[in-house]
Amino acid sequence: MARPLEPNRRRSLSDPLAAALMPPPNESAADRERRLEAESEAKRVSDGIDEMLRAEKKEKRAKPEIKVLILGQSESGKSTTLKQFQLMHATAAFHADRIAWRAVIYLNLVRSIRRILDAVSPESDEAEDQGNAFSCAISLTSQSSMIPATRVPKYPQYRHALEPLRELEERLIRMLSSPNEDEPTHTAPAKPDWSSYANGNSTQVTIGKNGRPTPLITIPSSRTSSPLSPSTSLPSPGGSSNSSSKSKNVEVSVHHTSNWKKAFSLGNRIKSPKSAHTNEIEGWWDDPSDPVHVLNSCAPPMLALWKDPSVKQRLREKRIRVEEGSGFFLDEISRITALRYFPSDQDVLKARLKTTGVVEHTFSIADSQRRFITWKIYDVGGARNQRHAWAPYFEDVNAIIFLAPISAFDQVLAEDPEVNRLEDSLLLWKSVVSNKLLANVSIILFLNKVDLLQAKLKSGVRLSHHMPRYGDRPNDYENVSSYFYNKFGSIHQAFSSNKEREFKIHFTSVTDTRRTATIIQNVRDIIITVNLKNIHLM
């Protein structure tokens, strides 16, 4: 029979915590006073921390902050979506940056031209016959050697006339990758010093005065890759096409900590009069080392190359659709190579410059009651080797905008030519919606690049050739887009960690400003409404 507890037994004899907190035996009066002072100070600190937490919670209710992640594979339209947010909610800053994008647009144009020259060159045909083909131009279903190759009679003339673009391409890369970033308080140069980059070697990775990596271009060594796709676009004009370059077919990437825009800003130079006796302003067009002069002189052969029927036919034979790549400006050569060309909003949205790392932008956006809410939007790298950086941003995120480029059903990943891009998007989508850390996060899905999808289907590319499960359904936009809508929606329904969360699907072309502005406004209202509900439940 168990012995009953003694009613007067001291609690400290059975409670280890109480025993630990008991005063030490033989404690002197002075020791006791010091102990009580220490306990009092510890309690004061603890109470202060509790008060700070309460104040932080109260402030969060009064000034709510919304965090949004933009996710998706590389070239899905993430950076363009972020630019659209900037255009809508930080218009002045967006417009101030437009001139800096001029060099990026030039680089996009130059690389598109140089890729076409590579693709239609006789050397590329000979290489394909030997099985060492230009990695972006071979069909998996039929080798180019089986197709009667259309020759480009004027190729030697084009190559000779456009030779200056090779050196210009290298200059632009060096300008972007130059380690010239100082403290952010330093004033930008009056104008870019193009001449200092005319000849130089590749830059090394260095640390700037602010302790961050200086502007960096990542150009891995080239490697022969396997054939890409039955019908493929060329790599984005952020990558090099120089057949002798180590960077062939590899996209240039600028580190997110670099202040590359500063190097290309004009400061007050454009507003300065040429002299005190004239009202004519001085601009980049007066700088003989500015890239615009090379581009302007090469404009006629660039136009001739792009409009040459034999070039168009050879690209079709190789199943190359250069117009599908990001940074496509070949239809606007005359405008962009004009001496006084100034980038438009649309040009900046279309321009392609890959950024590595996580880019954060902060906006102050008013809700329906005209209360301003701080938004932090994160654009994280979508390439496979960058997706490990996503997880730390899952904590406290309010919403995710996920972009899936549904026009890419016949393309493969640049980093892994064995993987279909749309299949990769589906797997990536599944991993996001099933993540338990994101169970209470609103998700907005952008089925992006619908304009390219429509053009691709009209050209005769069949979805069933790349996704056999589509079967013999009609190969038109209405049926194909509905198929993708249901495909992504069913994955959310089957694998979502919270099927009751706020979830919306939009068909988008994020380079279309008017249409995207309406969608972003709807998305913004949904996110704000859900966030306010969550705040009231805290």
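From a predicted model like this one, the values you see are computed outputs, not experimental measurements.

Reading guide: rules and limits
- Along each chain, residues carry numbers from 1 onward, in the same order as the chain's sequence is written.
- Residues qualify for local features only when their pLDDT is at least 70, as the model is predicted, and side-chain atom pairs are given and counted only at 80 or more; totals for whole chains, interfaces and linings, by contrast, use all residues.
- Hydrogens and water are ignored here; the side-chain numbers use all heavy atoms of the structure.
- Under the DSSP-based scheme used, a helix requires at least four consecutive residues in state H or I and a strand at least two consecutive residues in state E, with every element numbered from the N terminus.
- Pairs of residues are marked as contacts when any of their non-hydrogen atoms sit within 4.5 Å.
- Areas reported as accessible are Shrake-Rupley estimates using a 1.4 Å probe. Residue values count occlusion only from the protein chains shown.
- Strands are labelled as partners when DSSP assigns at least two bridges between them.
- Fitted lines through C-alpha atoms serve as axes, helices being fitted only where they are in contact, and the angles separating the N-to-C directions of these axes extend from 0 to 180 degrees.
- Salt bridge, as used here, is a side-chain nitrogen of Lys or Arg placed within 4 Å of a carboxyl oxygen of Asp or Glu.
- Using a 1.4 Å probe on the protein chains alone, a residue whose accessible area is under 20% of its type maximum counts as buried, one over 50% counts as exposed, and one in between counts as partly exposed.
- In a helix, the anticipated span is given by 1.5 Å times the number of residues less one.
- Here the angle decides the label: under 35 degrees means roughly parallel, over 145 means roughly antiparallel, 65 to 115 means roughly perpendicular, and every other value means oblique.
- The sense of a crossing depends on the near helix, which, turned anticlockwise from the far helix by less than a right angle, makes the crossing left-handed and, turned clockwise, makes it right-handed.
- For this scheme, ten residues count as nonpolar: Ala, Val, Leu, Ile, Met, Phe, Trp, Tyr, Cys and Pro. Four count as charged, namely Asp, Glu, Lys and Arg, and the remainder, Gly too, count as polar.
- When the strands point away from the viewer, a crossover counts as right-handed if the path from the first strand over the helix to the second runs clockwise.
- Here a pair means two rings of Phe, Tyr or Trp (six-membered ring of Trp) with centres within 6.5 Å. Their orientation is stacked below 30 degrees between planes, edge-to-face above 60, and tilted elsewhere.
- In our convention, an over-ring charge means Lys NZ or Arg CZ found within 6 Å of a ring centre and within 35 degrees of that ring's normal.
- Residues adjacent in sequence count toward polar contacts only when both atoms are side-chain atoms; beyond that, a polar contact is any pair of N or O atoms within 3.5 Å, and within protein one must be able to donate a hydrogen and the other to accept it.
- By nonpolar core is meant a set of buried Ala, Val, Leu, Ile, Met, Phe, Trp, Tyr and Cys residues that side-chain atoms within 4.5 Å join together.
- Patch membership is restricted to residues that have no salt bridge and whose relative accessible area is over 30%. Joining uses 9 Å for like charges and 5 Å for the nonpolar side chains Val, Leu, Ile, Met, Phe, Trp and Tyr.

A.B. asks: Please set out the overall build of the chain residue by residue, giving values where relevant.
C.D. replies: Within the chain, the regular secondary structure consists of 17 helices and eight strands. Long-range pairs, those at least 24 residues apart, make up 77% of the contacts in the chain between residues at least 6 apart in sequence. Accessible surface, the chain: about 27,400 Å² in total, of which carbon and sulfur atoms supply 52%.

A.B. asks: Outline the sheet that holds strand β1 (residues 65-71), listing residues and values.
C.D. replies: Strands sit in the order β4-β5-β1-β6-β7-β8 across an open sheet of six strands; the sheet is mixed. The two strands at the open ends of the sheet, each matched to only one other strand, are β4 (358-366) and β8 (503-507). The sheet shows a mean angle of 20 degrees between the axes of neighbouring strands, direction not considered. In this sheet, strand β6 (residues 399-405) lies alongside β1 in parallel orientation, the contact comprising four bridges. By the bridge assignment, Val68 is partnered in β6 with Ala399. Of the strands in this sheet, β1, β6, β7 (442-448) and β8 are in contact with helix α14 (residues 421-433), which crosses β6 at around 165 degrees.

A.B. asks: Now, about the pattern of salt bridges: what can you tell me, with residues and values included?
C.D. replies: Scanning the model with the defined rule gives 24 salt bridges in all. Glu167 is the partner of Arg171 in a salt bridge, and the nearest nitrogen-oxygen pair spans 4.0 Å. Residue Arg171 and its partner Glu167 are located together in helix α8 (residues 164-176), separated by four residues, close to a single helical turn. A residue is classified by how much of its surface remains accessible, and Arg171, at 9% relative accessible area, is buried. The shortest N-O distance in the salt bridge between Glu332 and Arg335 comes to 2.5 Å. With a relative accessible area of 25%, Glu332 lands in the partly exposed category. With a relative accessible area of 34%, Arg335 lands in the partly exposed category.

A.B. asks: Report on α8, specifying residues and quantitative values.
C.D. replies: Look at α8: 19 Å from first C-alpha to last across 13 residues, which is about the 18 Å you get at 1.5 Å a residue. Along α8, ten of the 13 residues are buried, which leaves the element largely enclosed by surrounding structure. Burial in α8 covers these residues: Leu165, Arg166, Leu168, Glu169, Arg171, Leu172, Ile173, Arg174, Met175 and Leu176.

A.B. asks: Outline the packing of α14 against helix α16 (residues 477-495), listing residues and values.
C.D. replies: Two elements in contact, α14 and α16, have axes separated by 9 Å at closest approach and are oriented at 30 degrees. On the basis of their axis angle, the class for α14 and α16 is roughly parallel. As for the relative orientation of α14 and α16, their crossing is right-handed in sense. Of the residues in α16, those touching α14 at Leu422, Ser425, Leu426, Trp429, Lys430 and Val433 are Phe484, Lys487, Phe488, Ile491, His492 and Phe495. Each residue belonging to the contact of α14 with α16 can be placed in one class, and the counts come to eight nonpolar, two polar and two charged.

A.B. asks: Residue-level account of helix α5 (residues 101-120), with values.
C.D. replies: Given a rise of 1.5 Å per residue, 20 residues ought to cover 28 Å, and the 29 Å separating the end C-alpha atoms of α5 matches this to within 8%. Taking burial as the measure, the 20 residues of α5 include 20 buried ones, the bulk of the element.

A.B. asks: Could you give me a rundown of the pairing of β6, with the residues and numbers involved?
C.D. replies: In terms of residue burial, β6 counts as a mostly covered element, since seven of its seven residues are buried. Alternating positions in β6 separate into two faces, Ala399, Ile401, Leu403 and Pro405 on one and Ile400, Phe402 and Ala404 on the other, with burial throughout. For β6 and β7, the ladder comprises seven bridges, and the chain directions are parallel. From the neighbouring strand, Ala404 faces β7, where its bridge partner is Leu447. Of the crossover connections in this fold, the one passing from β6 over α14 to the parallel β7 is right-handed.

A.B. asks: Before we move on, could you go through the packing of aromatic side chains and cite the residues and values that matter?
C.D. replies: Applying the stated rule across the entire model yields ten aromatic pairs. Taken together, the ring pairs connect Phe402, Trp429, Phe488 and Phe503 into an aromatic cluster. Lying over the aromatic face of Trp306, Lys312 brings its terminal NZ or CZ to 3.5 Å of the ring centre. Of note, Lys456 hangs over the ring of Phe409, and the distance from its end group to the ring centre comes to 5.4 Å.

A.B. asks: Break down the environment of Arg321 for me, with residues and values.
C.D. replies: Within the fold, Arg321 resides in the loop between α11 (309-317) and α12 (333-336). Within the structure, the side chain of Arg321 is placed 2.4 Å from the side chain of Glu324, a separation counted as a polar contact.

A.B. asks: How would you summarise the nonpolar core if you had to cite specific residues and measurements?
C.D. replies: Judged by nonpolar contacts, the single largest core of 49 residues is most densely connected at Ile116, Leu165, Met302 and Leu330. Those elements giving two or more residues to this core turn out to be α5, α7 (155-161), α8, α10 (291-307), α11, α12 and α13 (345-350). Tallying contributions element by element places α5 first for this core, with 13 residues. If we ignore the near neighbours within four places in the chain, the residues touching Leu330 are Leu109, Ser112, Ile113, Ile116, Trp306 and Val322.

A.B. asks: With reference to specific residues and values, describe a nonpolar patch on the surface.
C.D. replies: Taken together, the side chains of Val45, Ile49 and Leu53 make up a nonpolar region of the molecular surface, amounting to roughly 270 Å² of accessible area. Structurally, Ile49 is set in helix α2 (residues 29-62). Residue classification places Ile49 among the partly exposed residues on the basis of a relative accessible area of 46%.

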